[in-house]
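An overview of the molecular structure
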Amino acid sequence: MAADEFLPFDGKQLLLVAGAALAAILVFAALANPSGVEFRSTGENVSCGPPAIAPGDAYSYLASSGRETVRVEMSSGGFDAARRCRLLHQESSANASIDACFSEADGLLVYASSRGIEIPPESLAGQAPLVAFEPWMACAREGWTGGENFSRAMKPGILEVMRVRDVIGKRYSFAGAETVSGRRAYRIEEETFRASGPEGSTAETPVGARTIWVDAEKKVALEIRSTGASGLNATIAGAPFPLG
């Protein structure tokens, strides 16, 4: 498994996950957990509770990357009692669907699945499977900052066949309160970086940035703007509350 395979999905792939027919991306993610490699994730101020999306709530978005645009629909999928997590179901105009289940205790992603294939969170390298909701959004507020690191490393004693350490990191910061689609929103700036090399290495390379406007009450995305031509952009088009 090459080190580059740990990079998060780019905007094109995100659009496919959100609503196109290429489930092969998800198949790869589900299998990308080689023996001898351990995954770790750490976070600060990014787990504040499950999504505030009630049964019957429905959200829709226009999502695009480059010239492609799809309509993405999201709704409550119920409660997974066995794993104590709340399910959200997402479909798109391309007829692909994805489910994501968020812990009732802390709101973190427990698992995602598509077409019967389960994808553990570590295989997504920190990339959120849904357009409308990511766990950190439940924490968004005035003055908030947060961060996450997703890393993989060779287990002790395993012949090194890849870089010793790969980390995908995300930093979030509150950048102001604004009105978006007639709703009060928190503008959040997200920076994504990658660090690769021996354990303890501090060299970081920026790999992406987004601006996300999070609804102050419902803690869902109202608008997403990514830097670069391949980034995913999305705008809310329908919600269980009036949009201006």
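Residues numbered from 1 in each chain as written. Predicted model: local features only at pLDDT ≥ 70, side-chain atom pairs only at ≥ 80, totals over all residues. Heavy atoms only, no water.

Turning to the state of the cysteines, a few remarks are in order. Taken as a whole and judged by the stated rule, the model has 2 disulfides. With its sulfur 2.1 Å from that of its partner, cysteine 48 forms a disulfide with cysteine 139. Looking down the S-S bond of the cysteine 48 and cysteine 139 bridge, the torsion is 105 degrees, so its handedness is right-handed. Here cysteine 48 is found in the loop between β1 (37-44) and β2 (58-65), whereas its partner cysteine 139 is found in the loop between β7 (117-119) and β8 (145-154), with 91 residues between them in sequence. Accessibility expressed as a relative area gives 43% for cysteine 48, which makes it partly exposed. Given a relative accessible area of 2%, cysteine 139 falls into the buried group. Cysteine pairing for the protein chain, with bonded cysteines counted in sequence order: 1-4, 2-3. (Disulfide = S-S within 2.5 Å. Helix = DSSP H or I, 4+ residues; strand = E, 2+ residues; numbered from the N terminus. Buried < 20%, exposed > 50% of the residue type's maximum accessible area, 1.4 Å probe, protein only.)

So, about the packing of aromatic side chains. Inspection of the entire model under this criterion finds 6 aromatic pairs. An angle of 70 degrees between the planes, with centres 6.0 Å apart, marks the rings of phenylalanine 174 and tyrosine 186 as edge-to-face. Remark: tyrosine 186 occurs in strand β10 (residues 183-197) and phenylalanine 174 occurs in strand β9 (residues 165-180); sequence separation between them is 12 residues. Aromatic ring contacts, followed pair by pair, group Trp136, Trp144 and Tyr172 into a single cluster. (Phe/Tyr/Trp six-rings, centres within 6.5 Å; stacked < 30°, edge-to-face > 60°.)

Here the focus is the nonpolar core. If you look at the biggest cluster of nonpolar residues, it comprises 42 residues, and the most contacted ones within it are Tyr59, Tyr61, Trp136 and Ile188. For isoleucine 188, the residues in contact, after removing those within four places along its chain, are Trp136, Ala140, Trp144, Tyr172, Ser173, Phe174, Arg210, Thr211, Ile212 and Val214. (Core = buried A, V, L, I, M, F, W, Y, C linked by side-chain atoms within 4.5 Å. Contact = heavy atoms within 4.5 Å.)

What follows is about unusual backbone geometry. Trans peptide bonds make up the majority, and among non-glycine residues the majority have a negative phi. The phi dihedral of serine 181 is positive, around 55 degrees, even though this residue is not glycine. Note on placement: serine 181 falls in the loop between β9 and β10. For lysine 219, which is not a glycine, the phi torsion comes out positive at approximately 60 degrees. Within the secondary structure, lysine 219 sits in the loop between β11 (205-215) and β12 (221-226).

Quick look at the confidence of the model for the protein chain now. Low pLDDT means the predicted atomic positions in that stretch should not be read closely. A residue-level look at the protein chain finds 76% of positions with pLDDT of 70 or above and a mean pLDDT of 81. Contacts from residues 1-33, a stretch scored under 50 in pLDDT, to residues over four places away or in other chains number 83 contacts. This stretch, residues 158-163, has a pLDDT under 50; its non-local contacts, to residues over four places away or in other chains, come to 11 contacts. (pLDDT = per-residue confidence, 0-100.)

By secondary structure assignment, the location of arginine 183 is in strand β10. Looking at arginine 183, the relative accessible area reads 14%, which means it is buried. With residues near it in sequence (within four places) discarded, arginine 183 still touches Glu178, Asp215, Glu217, Lys218, Leu222, Phe241, Pro242 and Leu243.

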